[in-house]
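Below, each chain spelled out in residue letters.
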Amino acid sequence: MTSTVTSGELTGQLLIAGQAVDGSGAEIRGFDPNTGAELEPAYRYGDASHVDAACAAAADAFAEYRSAPAEKRAQFLEAIAERIEAVKDTLVARAHAESGLPEARLTGEVGRTTGQLRLFAAVVREGSWNGARIDPPLPDRAVPRPDIRQRFVPLGPVAVFGASNFPLAFSVAGGDTASALAAGCPVVVKGHDAHPGTSELVGRAITAAVADAGFPPGTFSLLFGDGPELGGALVKDPRVKAVGFTGSRTGGLALVAAAAARPEPIPVYAEMSSINPVFLLEGALATRAADLGREYVGSLTLGAGQFCTNPGLVIAIDGPDLDTFIAAARDALSASAPAAMLTPRIADTYRQGVDALAAEADLIARGSADNAPSVSCRSALFSTDAASLLGSEALQAEVFGASGLIVRCADIVEMQRVAAGIEGQLTATVQADDSDVEQAGALLPTLELKVGRILFNGWPTGVDVGHAMVHGGPFPATSDSRTTSVGSRAIERFLRPVCYQNAPKSLLPNAIADGNPDRLWRRIDGELTRD
């Protein structure tokens, strides 16, 4: 059955280019991890024909959508934000039922989602994303220079894979979708099985905003389906020109391989795996070890540890101050209540990860097992030494959930060896007092090569959405360390440069036209100017 998309009750359908379409495959339902109850309505997976329809519509929409004036595209992004806010109460209630996440956290996530959309609306209006450059002709030079101009253009339709742990901010209208739409790219989203109802509500908001703006309906589609089958078909479709993904290393690498094997390979921007090391320097431990231990557990157990920035590794020099830190962390973690995990599969994977750590590391403490939700995380804290960490893949593997590993180092040299030996990460945190500046300075060059964001005297759980934020990092944190999936620079993933040489003035796009009709900042003969 096919019908026009409207707001209202959930129907359990795919949303393809303005039409609500019945799936034809396996049936799934939302799942309440607090109660163990399945939620209505049922959703059916799409198949190759649905992928074809969504990608064909996106390709048809591309020319008109990418050519729309910046102001119209900015207003469209703001309209999506407004439509999401209009269903906020319904959205938060459904997301709470499907994820087990607290309603206060989800209310904040609605704000982050709409804030991202408005941030990219401002980016589109400001215009520096065009990357406009003009090298005026130099006809009298020994080797004459022609008139050369450059700007960025959108890549084309983008496939976005929703994340499990952020049903809003990294999902249907999350940062990948917002930045791709801002760049001028139609988007086809594969919604996550963990929150189909939440995805449908947001998908309907975007679809309505597309219609209100008068953009082609193929500007946005929402599909549900099997990852290897429907997701693989989406990545392999020749009309898709880039992919945004947040999830497991296994899933991300599968998409990277599929995209690389295409006759026309395309970029996959996959945020995958990170254990986010925390370095406790000697001065900080000497003055505030107990406080740091308690604060660490607060960050570790936040949201059942289901953050890609969860601090799963603590690295410090062995001694009485580290013992004080461990004692405080042990007491705080032992008192922590079990928390709902997003899905039974994620909970099973967490337990397997904890078992793998227990086989190679020393157990310090487990959280309480009393009054556990239907699908729960019981926090865990382990310890090991530097040599064991560097010699073990299992000890460096991400455990998605509230599990931490403390690494005892003999001295600062061994701490630096650990920093150099770990895999690429999204974040690294340095706890340092004034007396630690020299040690921190020696550590910093190594961390710059290992992570995307370096924090001092804070905790990594929590990513501000702004212009300077980097949410990325060297492999395996991401598949492309040159990019960020959060912040205004995320738009750059879905753009490419085009050079115009001696083009007729009447054919030049506004961004690089004479007279600067859009009043953009442009680099003219090497000088940044708005003239």
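All values reported here derive from a predicted model rather than from experimental measurement.

**Here's the deal with the overall build of the protein chain**
- When you go through the protein chain residue by residue, the secondary structure sums to 15 helices and 24 strands.
- Against the globule reference of 24 Å for 531 residues, the protein chain gives a C-alpha radius of gyration of 25 Å, in line with a compact fold.
- Each of the three principal axes of the protein chain carries a C-alpha extent, and together these read 75 × 65 × 40 Å.
- Expressed as a percentage of its 531 residues, the buried residues of the protein chain come to 56%.

**A word on unusual backbone geometry**
- Following Glu40, the chain continues into Pro41 via a peptide bond in cis, with omega recorded as 0 degrees.
- With respect to the helices, strands and loops of the structure, Pro41 is situated in the loop between strand E4 (27-28) and strand E5 (43-44).
- Here Phe475 and Pro476 are connected by a cis peptide whose omega angle stands at 5 degrees.
- The phi angle at Ala304 is positive, at roughly 60 degrees, despite the residue not being glycine.
- Tracing the chain through its elements places Ala304 in the loop between helix H9 (282-301) and strand E14 (313-317).
- Judged by its relative accessible area of 3%, Ala304 falls in the buried class.
- Its identity as a non-glycine residue notwithstanding, Asn502 has a phi of 55 degrees, on the positive side.
- The topology assignment puts Asn502 in the loop between strand E22 (495-501) and strand E23 (522-524).

**Topic: the nonpolar core**
- Ranked by internal contacts, the top residues of the largest apolar core, which has 118 residues, are Ile84 and Val243.
- Sort the elements by how many residues they give to this core and helix H4 (residues 103-126) lands first, with 7 residues.
- For Val243, the contacting residues outside a window of four places in its chain are Ala159, Phe161, Val235, Leu255, Ile266, Pro267, Val268 and Tyr269.
- Counting residues in hydrophobic clusters, the runner-up holds 21 residues, among them Ala284, Val297, Val314 and Leu322.

**Considerations on the UniProt feature "domain: Aldehyde dehydrogenase" (unreviewed entry) in the protein chain**
- Summarizing the sequence annotation, UniProt attributes the feature "domain: Aldehyde dehydrogenase" (unreviewed entry) to residues 24-472 in the numbering used throughout.
- Span residues 24-472 is 46% helix and 18% strand, its end C-alpha atoms 36 Å apart.

Quick notes on the rules
Residues numbered from 1 in each chain as written. Predicted model: local features only at pLDDT ≥ 70, side-chain atom pairs only at ≥ 80, totals over all residues. Heavy atoms only, no water. Helix = DSSP H or I, 4+ residues; strand = E, 2+ residues; numbered from the N terminus. Rg over C-alpha atoms; globule rule 2.2 N^0.38 Å. Buried < 20%, exposed > 50% of the residue type's maximum accessible area, 1.4 Å probe, protein only. Core = buried A, V, L, I, M, F, W, Y, C linked by side-chain atoms within 4.5 Å. Contact = heavy atoms within 4.5 Å. UniProt positions renumbered as here; feature names shortened; annotations may be inferred.

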